[in-house]
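Fold and contact review
Residues per chain are reported as follows:
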Amino acid sequence: MTATLNIPVIETERLILRGPHEADFEPFAAFGASDRAIWVGGPYPRLRSWGGFLATYGHWALRGYGMWMVEHRASGATAGRIGMIFNDGWDEPELGWHIFDGFEGQGLAYEGAKAARAHAARHFGLDGVISYIDPANTRSIALARRLGATHERDGAVAGHPCHIYRHPTAEAA
Amino acid sequence: MPKNIPVIETKRLVLRGPEAEDYPDFKATFTSYRARFMGGPLNAYESWMLYAAEIGHWQIRGYGMWMIHDKDTDETYGMAGGWMPARWPEKELAWVIWPEAAGHGYALEAVDAARRFFYRERGWDGAVSYIDPKNLDSIRLAERLGAKKDNDAPTIDGSDAVYRHPSPAALRGTQLAHGIEMEISHYQDPLFKPKGWAID
């Protein structure tokens, strides 16, 4: 008997955003252990990644929304994690994106984040949301700007100083 | 919430899956000194992530930690259940009691019920508890539950002691089982109830 959560599925041209499967853990942990995770508080030891992976489910249960695993349609591979994050200590719900090694530079994060943002505005009542971004994470900042977000203020998340980008509302976007 | 998390009732307690409204109680303990044997004290972010992970554990493993509620008032006293992070040596029976709820036998009653559930309903043939050697209250509880220190079993990281719980057979109609039952029933209905309040 496995517990089930009703995590919605979003399909875009090249991606499927869906709830986590256990098979996603290995790519998730590989990302967590890599230098790519320096922008999200990492790199993390495997046990921390396990906790973070389980918490992806728990967030949906606790908030009614959360982050999707990003499945790359063409290869079936897990390409990242995108969605809404509102952990304890966050000012407000955040649109976040983590793209795993080998899937950047193709506009996949843009495609996924745009779909996730639209879904959150329509179905979760989360519109005109923020993204916390490390000021040195230039690639993420470029994506935020491409999504129409602008630097609103400086802040901190989980003890890390961050820039806070504000996304346009669904109507304005 | 993940559906299908079973509910267990004992004489004084109801064990239910962790819910959003119980998070502040969890956070209060895990951000306190009480959590020193459980990787804490944690900050707000860490306690949130751990709480969310407790729920995710049910999703991935099909079992996990229950929130312990008072049957009458619904207030929470702590958590008890099964815990098995990736690549842990064995399935663990785990517990945490909020500091102000200690001393009433709630952990004993809850862990005993959880263990019976796993043995009878889920076919577990045993379990261990990984306990910090300095956590004397937890070691004492493990011993009251009939668990014995297993010096040969693999630990998580070498800093913990492994207590091995009695097998299902060792708890079927044995003196040990009766002893545990008797201790729980004494907490539920003390033979010698103090009358009135102490004045000094």
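Just so it is clear, the model here is predicted, and its values are computed rather than measured.

With that out of the way, let us pick up the overall build of chain A. When helices and strands are tallied, chain A shows four helices and eight strands. Ordered by position from the N terminus, the helices and strands of chain A form the series β-β-α-α-β-β-β-α-β-α-β-β. The C-alpha extent of chain A, read off along each of the three principal axes, is 45 × 30 × 30 Å. Scored against the burial criterion, the 173 residues of chain A give a buried share of 41%. Sequence separation of at least 24 residues holds for 53% of the intrachain contacts in chain A that already meet a minimum separation of 6.

Residue and element names in this part refer to chain B. Across the interface, helix 1 (residues 23–30) lies against helix 2 (residues 44–61) with an axial gap of 10 Å and an inter-helix angle of 125°. Between helix 1 and helix 2, the crossing angle belongs to the class labelled oblique. The handedness of the crossing between helix 1 and helix 2 comes out as right-handed. Listed contacts from helix 2 to Tyr23, Phe26, Lys27 and Phe30 of helix 1 are Ala44, Ser47, Leu50 and Tyr51. Class assignment of the residues belonging to the contact of helix 1 with helix 2 gives a composition of six nonpolar, one polar and one charged.

By the secondary structure assignment, Ala86 of chain B is in the loop between strand 4 (76–83) and strand 5 (92–97). Overall, the presence of 16 C-beta atoms within 10 Å leaves Ala86 of chain B in the partly exposed class. Residues Ala86 of chain B and Phe26 of chain B, 60 residues apart in the sequence, show an inter-C-alpha distance of 23 Å. For Ala86 of chain B, the residues in contact, after removing those within four places along its chain, are Arg46 and Trp50 of chain A.

Let us now look at the pairing of strand 2 (residues 13–16) of chain B. A regular strand places its side chains on the two faces of the sheet in alternate fashion. Residue and element names in this part refer to chain B. Residue alternation in strand 2 divides its side chains into a buried set, Leu13 and Leu15, and an unburied set, Val14 and Arg16. Looking at chain direction, strand 1 (residues 8–9) and strand 2 are connected through two bridges and run antiparallel. Its bridge partner being in strand 2, Ile8 is matched across the sheet by Leu15. In textbook terms, the turn of a hairpin is the stretch between consecutive antiparallel strands, and for strand 1 and strand 2 this stretch comprises three residues. Strand direction decides the pairing type here: strand 2 and strand 3 (residues 65–70), joined by four bridges, are antiparallel. Directly across from Leu13, in strand 3, lies its bridge partner Asp70.

Rules used throughout
Residues numbered from 1 in each chain as written. Chains lettered and ligands numbered in written order. Predicted model: local features only at pLDDT ≥ 70, side-chain atom pairs only at ≥ 80, totals over all residues. Helix = DSSP H or I, 4+ residues; strand = E, 2+ residues; numbered from the N terminus. Buried ≥ 20, exposed ≤ 12 C-beta atoms within 10 Å, placed from the backbone. Contact = placed C-beta atoms within 7 Å. Axes fitted to C-alpha atoms, helices over the stretch in contact; angles between N-to-C directions. Parallel < 35°, antiparallel > 145°, perpendicular 65-115°, else oblique. Left-handed = near helix turned anticlockwise from the far one by under 90°. Nonpolar A, V, L, I, M, F, W, Y, C, P; charged D, E, K, R; others polar. Pairing = 2+ DSSP bridges.

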